[in-house]
Amino acid sequence: MSSLKIKLSPKLFDLLQHCELKCSAGCCGWGAFDLSDRWLTRWCEFRDANVIAEARKDIARIREIVDGLDTVAKINLEPFFDPTVATLSQHFDIIDDLLSSYSNK
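Residues numbered from 1 in each chain as written. Predicted model: local features only at pLDDT ≥ 70, side-chain atom pairs only at ≥ 80, totals over all residues. Heavy atoms only, no water.

**A look at the overall build of the protein chain**
Okay, step 1: Looking only at helices and strands, the protein chain features 5 helices and 2 strands.
Okay, step 2: From first element to last, N terminus to C terminus, the protein chain shows the α and β order β-α-α-α-α-β-α.
Okay, step 3: With the C-alpha coordinates aligned to their principal axes, the bounding extent of the protein chain is approximately 40 × 30 × 20 Å.
Okay, step 4: Counting the 105 residues in the protein chain, one finds 43% classified as buried. (Helix = DSSP H or I, 4+ residues; strand = E, 2+ residues; numbered from the N terminus. Buried < 20%, exposed > 50% of the residue type's maximum accessible area, 1.4 Å probe, protein only.)

Put into structure tokens, the structure is as follows:
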């Protein structure tokens, strides 16, 4: 079964690219990212609130797309890798929780 393709907005792509420190996502999936509070905060500190809000809007958009899909379904998160719906949701929860304190929403 082919995976659903989702293209990231430039703002969310920038955030994930900033956090892709340990390896490449194509190789290690989520293991390639440092999604610690410290590293996400560092990204936020160098972006204005509107950029952060746009990244959050893209997270919400992607959540709407995958809502109702089987949790083990694969999502092609262009240009990174193919996480499952469950792991995508878990990691977006971590990211969005921290971003919410920096955005102007």
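From this point, the narrative continues.
**Points about the state of the cysteines**
Okay, step 1: Summed over the entire model, instances satisfying the criterion amount to 0 disulfides.
Okay, step 2: Take C19: it sits in no disulfide, and the sulfur closest to it among the cysteines is that of C44, at 8.9 Å. (Disulfide = S-S within 2.5 Å.)

**With respect to the side chain of S9**
Okay, step 1: Mapped onto the elements of the fold, S9 is located in the loop between strand 1 (4-7) and helix 1 (10-19).
Okay, step 2: Accessibility expressed as a relative area gives 18% for S9, which makes it buried.

**Comments concerning the pattern of salt bridges**
Okay, step 1: On inspection of all chains with the given rule, the structure shows 5 salt bridges.
Okay, step 2: Across the pair R56 and D96 runs a salt bridge, and its minimum N-O distance is 2.6 Å. Note that R56 is positioned in helix 4 (residues 49-66) and D96 in helix 5 (residues 85-99), a separation of 40 residues in sequence.
Okay, step 3: Residue classification places D96 among the buried positions, given a relative accessible area of 16%.
Okay, step 4: Between R61 and D58 there is a salt bridge, with the nearest N and O atoms lying 2.6 Å from each other. Pair noted here: R61 and D58 are both in helix 4, with a separation of 3 residues, about one helical turn.
Okay, step 5: The exposure class assigned to R61 is partly exposed, which follows from its relative accessible area of 33%.
Okay, step 6: A residue is classified by how much of its surface remains accessible, and D58, at 5% relative accessible area, is buried. (Salt bridge = Lys/Arg side-chain N within 4 Å of Asp/Glu carboxyl O.)

**A short note on helix 4**
Okay, step 1: A rise of 1.5 Å per residue sets the reference length of helix 4, with its 18 residues, at 26 Å; its end C-alpha atoms lie 26 Å apart and thus fit the reference within 8%.
Okay, step 2: Of the residues making up helix 4, those classed as buried are I52, A53, A55, R56, D58, I59, I62 and V66.
Okay, step 3: For helix 4, the elements touching its buried residues are strand 1, helix 1, helix 3 (37-45), strand 2 (75-78) and helix 5. (Expected span 1.5 Å × (residues − 1). Contact = heavy atoms within 4.5 Å.)

**A short note on the nonpolar core**
Okay, step 1: Judged by nonpolar contacts, the single largest core of 31 residues is most densely connected at L15, F33, L88, I95 and L99.
Okay, step 2: Elements represented by at least two residues in this core include exactly helix 1, helix 3, helix 4, strand 2 and helix 5.
Okay, step 3: Considering each element in turn, this core owes the most residues, 6 residues, to helix 5.
Okay, step 4: Sequence-distant contacts of L88, that is, excluding residues within four places in its chain, are made with W30, I62, V66, I75, L77 and P83. (Core = buried A, V, L, I, M, F, W, Y, C linked by side-chain atoms within 4.5 Å.)

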